Amino acid sequence: MNDTTEMQEWESEIKAEDSLFSINFKEVWQYRDLLLMLVKRDYISTYKQTILGPIWFFVQPILTMIIYVILFGQIAKLSTDGAPQIVFYLSGITIWNYFSESLTKTSSVFRDNAAIFGKVYFPRLIMPLSIVVSALIKFGIQFTLFIAVVLYYTFIEHRIEPNVWVLATPFLLLLMSLFSLGLGMIFSSMTTKYKDLVFLLTFGIQLFMYATPVVYTMNSIPLKYQWLVKANPLTGIFECFRYAYLGSGSFHPGSLLYSTGVIIILLGFGVVIFNKVEKSFMDTV
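Asks: Explanation requested: the packing of aromatic side chains in the structure shown.
Replies: Each aromatic ring pair is specified by the distance between its two centres and by the angle formed by the two planes. This structure, assessed with the given rule, holds 19 aromatic pairs. Ring geometry for W96 versus F99: centroids 5.4 Å apart, planes at 50 degrees, classification tilted. Note that W96 and F99 are positioned in helix α4 (residues 85-106) at a spacing of three residues, about one turn of the helix. In terms of burial, W96 and F99 fall into one category: buried. Between Y152 and Y153, the aromatic rings sit 5.2 Å apart at their centres with planes inclined by 85 degrees, giving edge-to-face as the arrangement. Look at Y152 and you get partly exposed, because its relative accessible area is 36%.

If you want it as structure tokens, here you go:
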């Protein structure tokens, strides 16, 4: 019998991460089946007992668009830079819904899933990632509606001119995903201890929409106030999206570079806080 004890090789090892910046992408990939299961669960639980089911994906943006056309287009008479009001407001609604839903659900991931976190181990990052992916499915359905409207106004009405910037759509979605993920992880980590932030976030998202060019254009804002809106990382994304599909607006590629830089920094900050809080959040949630 050998005196040397052979080390047993384990398939996986659960241990505390030493670095706050560390993300075990290999481990996250190993739990990809769990991520897909959570996405499926979210989809089924949301529409299982509804009459219209997934049709609500179309009903919501259509009704919202009609209200925006009446309030902001007909009553307030806000400028759309020459773009048809229907496709203009639908473009803002489509991408705002994705960001808003991802941020709202990600910001409460610790509180909403405390029971699961306390019983079984899996990479905690799986939860916010599943929320972002689930919201992406809803966006894909609403985006189909938007594309149908764009095709109508392009080839039948001949009132808009999409351009090569439509190829940047995946990158724009990635930026919004990372922004909602980073900001959501920050709020989720803070709400484990400060429950009042949940109410602040709900109110804050509503205000944040008006700080983002969802229902207005940059050209409709006085020059002395435009810098406030441009400081918003979402501004470059929304302006690029509208310019790509409608061919109108005041998009500048530099604003997209600014958005990318701010979002990367915010995501890094979110990862640090998330990694720090996940080790002890069960004591405060």
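Asks: Help me understand helix α3 (residues 56-75), please; the structure alone is not making it clear to me.
Replies: At 3.6 residues per turn, the α-helix brings residues three or four places apart onto the same side. Over its 20 residues, α3 runs 27 Å from end to end, which matches the ideal 28 Å to within 8%, given 1.5 Å per residue. At V69, α3 shows its largest bend, some 25 degrees. Among the residues of α3, F57, P61, M65, Y68, V69, F72 and G73 are the ones counted as buried. Just downstream of α3 lies K77, where phi reads positive at about 55 degrees.

Asks: What exactly am I supposed to notice about the packing of helix α8 (residues 169-191) against helix α9 (residues 197-210) here?
Replies: Between two packed helices, the angle of one axis relative to the other and the distance separating the axes together describe the packing. The geometry of α8 relative to α9 is characterised by a closest axis approach of 10 Å and an angle of 155 degrees between their N-to-C directions. By the angle class used here, α8 and α9 are roughly antiparallel. In contact with F179, F187, M190 and T191 of α8, α9 contributes L197, V198, L201 and F208.

Criteria and thresholds
Residues numbered from 1 in each chain as written. Predicted model: local features only at pLDDT ≥ 70, side-chain atom pairs only at ≥ 80, totals over all residues. Heavy atoms only, no water. Phe/Tyr/Trp six-rings, centres within 6.5 Å; stacked < 30°, edge-to-face > 60°. Helix = DSSP H or I, 4+ residues; strand = E, 2+ residues; numbered from the N terminus. Buried < 20%, exposed > 50% of the residue type's maximum accessible area, 1.4 Å probe, protein only. Expected span 1.5 Å × (residues − 1). Bend = angle between axes of the 7 residues up to and from the residue. Axes fitted to C-alpha atoms, helices over the stretch in contact; angles between N-to-C directions. Parallel < 35°, antiparallel > 145°, perpendicular 65-115°, else oblique. Contact = heavy atoms within 4.5 Å.

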